[in-house]
Amino acid sequence: MKSGFITAADVAREAGVSRSAVSRTFTPGGSVSKDVRERILRAADKLGYRVNRLAQGLQTAQSNLVGVVTVNLTSPFNTALLDGISAALFTRGLQCMLLNAEAARDDIATLVNRVLEYRVRAVIILSGAPPEEIIEACLSNDVRLILINRSTPPGKADKIDTDDIAGGRLAADQMLREGRRHIAVIRNGGGSVSQQRRTESFTAHVIEAGARITHRATGTNSFETGCEAARTLLADRSIDGAFCATDLIALGFLETARFELALEIPKQLSVIGFDDIPESAWPSHRLTTVSQPIQAFLEAIQACLDDERLMTDGALNFTVPVELVQRTTTK
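Residues numbered from 1 in each chain as written. Predicted model: local features only at pLDDT ≥ 70, side-chain atom pairs only at ≥ 80, totals over all residues. Heavy atoms only, no water.

Engineer: What should I look at first to understand the pattern of salt bridges in this one?
Structural biologist: For side chains bearing opposite charge, pairing can occur when the charged atoms are close. All told, the structure shown has 16 salt bridges when counted by the stated rule. With a closest N to O distance of 3.5 Å, R144 and D307 form a salt bridge. In this pair, R144 sits in strand β4 (residues 144–148) while D307 sits in the loop between α12 (294–306) and β11 (317–320), placing the two residues 163 residues apart along the sequence. For the pair formed by R144 and D307, the shared burial category is buried. (Salt bridge = Lys/Arg side-chain N within 4 Å of Asp/Glu carboxyl O. Helix = DSSP H or I, 4+ residues; strand = E, 2+ residues; numbered from the N terminus. Buried < 20%, exposed > 50% of the residue type's maximum accessible area, 1.4 Å probe, protein only.)

Okay, here's the thing in structure tokens:
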């Protein structure tokens, strides 16, 4: 018995036709007679043949792969976004090629170059600030580059950005409506472009209204970072509000304030996060947060993939709308 994958040559022998006839049969628009096509399909079904999409991609100069580069797979929001992207690509007949760049944070270019070797039709970068050479590599290979919440020179790559400025204002307005006068603003030490935008917007709006701000930017985007921030900042009992740049940080801050420091939420302290990850709605948390809908990202990505122009002809730009989802951590 033959071991390994059934090849097109095996199907050709079984059907008594040429190898090129098999290739044309499984190529959309390929020219082959009805009789030959039926013989080939019967042979393929009998042998259990499956088309080699990687080899097909080499022949057509473009595969059905879309490269997705990310750093923080432990982030619930990134995980949910990646889940949505992979499902959306699958329904379009495309496949997700994931590169976890956590171990190569300073060398994302090498990872993307590896993706290009598979002749991907697009590269989506969820995390990390891609250097100019990545953009140039994609452009020179006619590969569409899609950046999500990342800073890059205008016009060189498709961009999908959360409306962080509006989100920061929404959170600030909620705190100010409650009469909060000393608000902690917490983000992780890495400080992504998106986190910076939302916290700067929040801060400017609160200061303009005459309230006080205390900043903290340290650690990673994690539950533990929120816990440590609460222990450090809430030693000052004049703090009556906390805006966290992500829900993951906010949940750590919230749980420490509640159970370790015995603060009444929201009577003594209001807490607002950003992302609206599924855990935020859990009955044990009920976190007020700024939502950035995954579906809006997916629709923007699909619009980029549908655009047949080369990147040199102009990039696309999308802004994902946000809304405040009020739960029980605010009044």
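What follows continues from the structure just given.
Engineer: Got a minute to help me understand the sheet that holds strand β1 (residues 65–70) in this structure?
Structural biologist: Either a parallel or an antiparallel arrangement is found when strands of a sheet pair, and the pairing is made through backbone hydrogen bonds. The 6 strands are arranged β2-β1-β3-β4-β5-β11 in an open sheet whose pairing can be described as parallel. The open sheet terminates on both sides in strands that have one partner only, identified here as β2 (95–100) and β11. Looking at each pair of strands side by side, their axes are set apart by 20 degrees on average, direction ignored. The pairing of β4 with strand β5 (residues 158–162) spans 3 bridges and is classified as parallel. Paired with L147 across the strands is K159, a residue of β5. (Pairing = 2+ DSSP bridges. Axes fitted to C-alpha atoms, helices over the stretch in contact; angles between N-to-C directions.)

Engineer: Sorry, what's going on with helix α5 (residues 76–91) here?
Structural biologist: Look at α5: 23 Å from first C-alpha to last across 16 residues, which is about the 22 Å you get at 1.5 Å a residue. Turning to α5, its buried residues number three or more, namely P76, F77, N78, L81, L82, G84, I85, A88 and L89. Phi turns positive, to about 80 degrees, at G93, one or two residues after α5. (Expected span 1.5 Å × (residues − 1).)

Engineer: Explain the nonpolar core to me, please; I cannot follow it from the model alone.
Structural biologist: A general feature of soluble globular proteins is that nonpolar side chains tend to end up buried together. Formed by 44 residues in total, the largest nonpolar core has its most connected members in I85, I124, I186, F253 and L269. Per element, the largest residue contribution to this core is 7 residues, and it comes from α12. Excluding its chain neighbours within four sequence positions, the residues that come into contact with F253 are I186, G226, C227, A229, A230, L233, L234, A242, C244, L269 and V271. The next biggest cluster of nonpolar side chains, apart from the first, holds 17 residues, and it includes L65, V71, V123 and V143. (Core = buried A, V, L, I, M, F, W, Y, C linked by side-chain atoms within 4.5 Å. Contact = heavy atoms within 4.5 Å.)

Engineer: Honestly, the packing of helix α8 (residues 164–177) against helix α9 (residues 193–208) in this entry has me stumped. Any pointers?
Structural biologist: In helix packing, the relevant descriptors are the interaxial angle and the interaxial distance, both defined with respect to the helix axes. Direction vectors running N to C along α8 and α9 enclose 40 degrees, while the axes themselves pass 7 Å from each other. Classed by the angle they form, the pair α8 and α9 counts as oblique. For the pair α8 and α9, the crossing hand works out as right-handed. Mapping the contact onto sequence places D164, I165, G168, R169, A171, A172, D173, M175 and L176 in α8 and S194, R197, R198, S201, F202, H205 and V206 in α9. Classifying every residue of the contact of α8 with α9 gives 7 nonpolar, 4 polar and 5 charged. (Parallel < 35°, antiparallel > 145°, perpendicular 65-115°, else oblique. Left-handed = near helix turned anticlockwise from the far one by under 90°. Nonpolar A, V, L, I, M, F, W, Y, C, P; charged D, E, K, R; others polar.)

Read these as layout, nothing more, since geometry by itself doesn't imply function.
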